[in-house]
Amino acid sequence: MSDPIVTRFAPSPTGFLHIGGGRTALFNWLLARRHGGKMLLRIEDTDRVRSTPEAIDAIIDGLKWLGLSWDGEVIYQFARAPRHKEVAEAMLANGRAYKCYATSEELEAMREAAKAAGKPMRYDGRWREKGPEDHAKAEAEGRKYVIRLKAPLDGQTTVQDLVQGTVTWDNENLDDLVLLRSDGTPTYMLAVVVDDHDMGVTHIIRGDDHLTNAARQSQIYEANGWKVPFMAHIPLIHGPDGAKLSKRHGALGVDAYRALGYLPEALRNYLVRLGWAHGDQEIFSTDEMTAVFDLKNVGRSPARFDFAKLESINGHYMRKTDDAALLEALRPVLAHVEGGAEIANALTPEKEAQWIAAMPGLKERAKTLVELIDGSRFLFATRPLAMDEKAREILAKDGKAILARLLSRLEALPVWEAAALEEAVRAEAESSGLKLGALAQPLRAALTGRATSPGIFEVLVVLGREECLGRLRDQAA
RNA sequence: GCUCCCAUCGUCUAGAGGCCUAGGACACCCGCCUCUCACGUGGGUAACAGGGGUUCGAAUCCCCUUGGGAGCGCCA
């Protein structure tokens with residue numbers, strides 16, 4: 001185990017990179033980085049019907065956004081089909097595999113029989129001991145063969161799993177799986193084993209839906225006399241209701257989280273704590289998590305996806321993010337929110353500077369970038385401002401009269417700075433015998449069109465003298 | 001159905017026989033701070049699935065039950 005660690009992330013490109021895949025990739029990436037090893041990326045595109053180039057792009061794009069980098073070139077499994085075939089034929093030659101001419105009708109009959117008997121489908125090994133004469137006869141009938149593994153009939157197969165512990169199967173429950181299809185293409189089982197072996201993968205981290213496969217794959221390793229890599233089968237992520245994660249809950253593509261306004265570092269932090277813990281620590285910088293990540297601490301029970309916690313962590317990271325950097329993170333999200341295009345168009349250098357100036361007050365009031373954009377709308381609104389219902393109520397009372405008095409005080413101000421503005425507003429409060437809040441709310445309504453916003457003196461300063469006085473006059477009338 | 005895996009607050013989890021009258025975080029409730037909303041901060045509600053063992057002692061070990069999950073293809 002002192003050899004350099006090599007992990008791999010091996011998605012099949014039949015859809016986007018979903019959140020569970022993202023976590024699997026993260027764990028592989030963390031383990032490799034923790035030990036100064038490598039994480040390889042292999043696209044399992046042997047299913048020619050379901051694999052699409054769009055999905056490949058989506059996966060690669062998703063990994064990049066999440067900040068998970070891989071080493072070396074992307075490996076495409078389909079391109080290695082000749083090598084897979086070569087291994088299958090070598091296994092045939094040394095008697096670890098055999099030709100099976102069973103037809104799909106025969107297989108279907110076996111399936112039916114198994115179902116009727118209440119047992120899982122198990123190929124019965126009818127071609128296991130057949131000789132050349134039988135093969136020739138089948139060939140003469142025009143039948144095609146697949147190559148099956150000659151799996152052990154009795155005894156047990158044990159997987160030493162770094163997360164699941166020692167898991168054992170009786171070999172009688174494992175049948176002779178197909179290695180090479182009748183069209184000469186490899187099955188997933190064969191391809192995975194050959195690729196992981198050839199790529200020098202030392203640690204396989206994947207979802208525990210592959211646990212049963214692990215047993216069958218280790219038989220393939222053994223049939224070839226290859227060392228079985230360390231394996232770690234991590235529990236799947238479930239939806240809030242405990243059922244399998246569906247699109248309805250969180251099985252969104254990683255890119256959807258970007259559109260929803262989450263920061264990649266927040267998603268990483270959330271994901272790493274799903275099924276893994278390091279004492280009571282909740283917040284992990286990337287360096288911190290790579291320094292302490294250990295498969296030993298990965299739990300064995302499935303975790304539910306919880307948006308509330310993700311939002312909380314995201315809020316934390318937004319507040320920690322530098323204002324200018326936050327603006328950059330905001331930009332790509334604009335395309336995904338209503339009115340975002342208008343904001344994007346209005347982003348002159350001056351507006352950007354204004355937005356950055358407003359950021360401190362904005363970012364502590366939002367849990368996602370989408371919320372932050374929503375809270376920023378008053379910066380981009382044009383006069384006369386549209387008032388929302390609560391703002392209207394505030395102004396409907398004696399708000400307008402208060403604004404008029406405030407207006408004259410503010411107009412008289414020689415400088416437009418927070419301290420001076422606050423002093424003026426407080427002076428008005430004092431002379432009219434009102435609490436500060438009684439003045440701040442009408443001000444807020446007139447300035448932002450809403451009942452909530454960043455601190456009112458912040459808003460005053462960020463908006464600037466002319467714009468503020470204009471908005472106040474609009475409403476004071 | 002068969003095989004395998006799992007089981008601590010609503011959720012994510014700490015806990016590797018005595019440190020546990022079970023800790024942290026999110027969510028929720030009540031305060032404080034306060035120009036609103038937040039942030040921050042103080043406090044609170046809330047869990048060892050059930051039953052048997054083993055042991056001086058069990059959330060921690062074993063068994064059973066119950067409840068979840070995954071897999072059972074010439075898909076990956």
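Just above sits the structure.
Let me begin by describing the structure that accompanies this report. Everything quoted here is computed from the prediction, not taken from an experiment. (Residues numbered from 1 in each chain as written. Chains lettered and ligands numbered in written order. Predicted model: local features only at pLDDT ≥ 70, side-chain atom pairs only at ≥ 80, totals over all residues. Heavy atoms only, no water.)

## Details of the protein's contact with RNA strand B
The environment of RNA strand B is formed by 69 residues, the closest being Gly118, Arg181, Gly275, Arg300 and Glu364. The sugar and phosphate moieties of RNA strand B supply 69% of its atoms located within 4 Å of the protein. A distance of 2.7 Å is found between a sugar or linking oxygen of RNA strand B and a backbone nitrogen or oxygen belonging to Arg273. The leading source of residues in the surface near RNA strand B is helix H19 (residues 436-448), at five residues. A class-by-class count of the residues in the surface near RNA strand B yields 23 nonpolar, 22 polar and 24 charged. (Near = heavy atom within 4 Å. Polar contact = N/O pair within 3.5 Å; in protein donor to acceptor, adjacent residues only side chain to side chain. Helix = DSSP H or I, 4+ residues; strand = E, 2+ residues; numbered from the N terminus. Nonpolar A, V, L, I, M, F, W, Y, C, P; charged D, E, K, R; others polar.)

## As for the packing of helix H17 (residues 389-411) against H19
Where H17 meets H19, the axes come as close as 8 Å, and the angle between the chain directions of the two elements is 105°. Taken together, H17 and H19 sit at an angle that is classed as roughly perpendicular. For the pair formed by H17 and H19, the contact residues are Ala391, Ile394, Leu395, Gly399, Ile402, Leu403 and Leu406 on the first element and Ala438, Leu439, Gln441, Pro442, Leu443, Ala445 and Ala446 on the second. Here the residues of the contact of H17 with H19 are counted per class, giving 12 nonpolar, two polar and no charged. (Axes fitted to C-alpha atoms, helices over the stretch in contact; angles between N-to-C directions. Parallel < 35°, antiparallel > 145°, perpendicular 65-115°, else oblique. Contact = heavy atoms within 4.5 Å.)

## A look at the pattern of salt bridges
All told, the structure shown has 35 salt bridges when counted by the stated rule. Across the salt bridge formed by Asp176 and Arg128, the nearest N and O atoms sit 3.1 Å from each other. One end of the pair, Asp176, is in the loop between strand S7 (165-170) and strand S8 (178-180); the other, Arg128, is in the loop between helix H4 (104-116) and helix H5 (132-140), with 48 residues separating them in the sequence. Comparing Asp176 with Arg128 shows no difference in burial state: the two are buried. Of the charged contacts in the structure, one is a salt bridge between Arg365 and Glu364, with a shortest N-O distance of 4.0 Å. Under the relative-accessibility criterion, Arg365 is labelled partly exposed at 44%. (Salt bridge = Lys/Arg side-chain N within 4 Å of Asp/Glu carboxyl O. Buried < 20%, exposed > 50% of the residue type's maximum accessible area, 1.4 Å probe, protein only.)

## Quick word on the sheet that holds S8
Reading across the sheet, the three strands line up as S4-S5-S8 and stay open at both edges, with antiparallel pairing between neighbours. The outermost strands of the open sheet, each flanked by one partner alone, are strand S4 (97-100) and S8. Averaged over all neighbouring strand pairs, the angle between strand axes comes to 45°, with direction disregarded. Judged from the four bridges that link them, S4 and strand S5 (residues 146-149) form a sheet pairing that is antiparallel. Following the sheet pairing, Cys100 is matched in S5 by Val146. (Pairing = 2+ DSSP bridges.)

## Here's the deal with the side chain of Asp45
Among the structural elements, Asp45 can be located in the loop between strand S2 (38-43) and helix H2 (53-66). Judged by its relative accessible area of 7%, Asp45 falls in the buried class. The contacts of Asp45, once residues within four sequence positions are left out, are Pro13, Ser51, Tyr76, Gln77 and Phe78.

## Structural notes on the packing of aromatic side chains
Applying the stated criterion across every chain, the model contains 12 aromatic pairs. An angle of 20° between the planes, with centres 6.1 Å apart, marks the rings of Tyr257 and Phe307 as stacked. One end of the pair, Tyr257, is in helix H8 (residues 254-259); the other, Phe307, is in helix H11 (residues 307-320), and 50 residues separate them in sequence. Ring geometry for Phe305 versus Phe307: centroids 5.0 Å apart, planes at 75°, classification edge-to-face. Taking the relative accessible area as the measure of exposure, Phe305 reaches 3% and is therefore buried. Here the aromatic cluster, defined as three or more aromatic residues joined through ring pairs, consists of Tyr257, Tyr262, Tyr270, Phe305 and Phe307. (Phe/Tyr/Trp six-rings, centres within 6.5 Å; stacked < 30°, edge-to-face > 60°.)

## Overview of helix H7 (residues 211-223)
Along its 13 residues, H7 runs 19 Å from first to last C-alpha, staying within 8% of the 18 Å computed at 1.5 Å per residue. Extensive coverage of H7 is indicated by the burial of 11 of its 13 residues. Among the residues of H7, Leu211, Asn213, Ala214, Ala215, Arg216, Gln217, Ser218, Gln219, Ile220, Tyr221 and Ala223 are the ones counted as buried. In the segment just after H7, Gly225 is the residue with positive phi, at about 70°. (Expected span 1.5 Å × (residues − 1).)

## Quick look at the pairing of strand S1 (residues 6-9)
Both faces of S1 are covered, namely the face carrying Val6 and Arg8 and the face carrying Thr7 and Phe9. Sheet analysis places S1 next to S2, joined by four bridges and oriented parallel. Bridge pairing links Arg8 to Leu40 in S2.

## Observations regarding the pairing of strand S10 (residues 230-234)
Counting buried residues in S10 gives four out of five residues, a clear majority hidden from the surface. Here strand S9 (residues 203-207) pairs with S10 via five bridges, running parallel. When the bridges of S10 are listed, Ile204 appears paired with Met231. In this view, the connection linking S9 to its parallel neighbour S10 by way of H7 has right-handed handedness. (Right-handed = clockwise from strand over helix to strand, strands pointing away.)

## Examining unusual backbone geometry
With an omega of -10°, the peptide bond between Arg383 and Pro384 qualifies as cis. Mapping Pro384 onto the fold places it in the loop between helix H16 (377-380) and H17.

## Structural notes on the side chain of Asp161
Structurally, the position occupied by Asp161 is in strand S6 (residues 156-161). An unpaired buried charge is present at Asp161: no salt bridge exists, and Arg206, the closest side chain of opposite charge, is 7.0 Å distant. Polar side-chain contacts of Asp161 include one of 2.8 Å to the backbone nitrogen of Val163. (Lys, Arg positive; Asp, Glu negative; His and termini not counted.)

## A look at the packing of helix H20 (residues 456-463) against helix H21 (residues 465-476)
Look at H20 against H21: their axes get within 6 Å of each other, and the N-to-C directions meet at 115°. In terms of orientation, H20 lies roughly perpendicular with respect to H21. Of the residues in H21, those in contact with Val459, Leu460 and Leu463 of H20 are Arg465, Glu467, Cys468 and Arg471. Its residues assigned to classes, the contact of H20 with H21 shows four nonpolar, no polar and three charged.

Coordinates in, geometry out; function isn't part of it.
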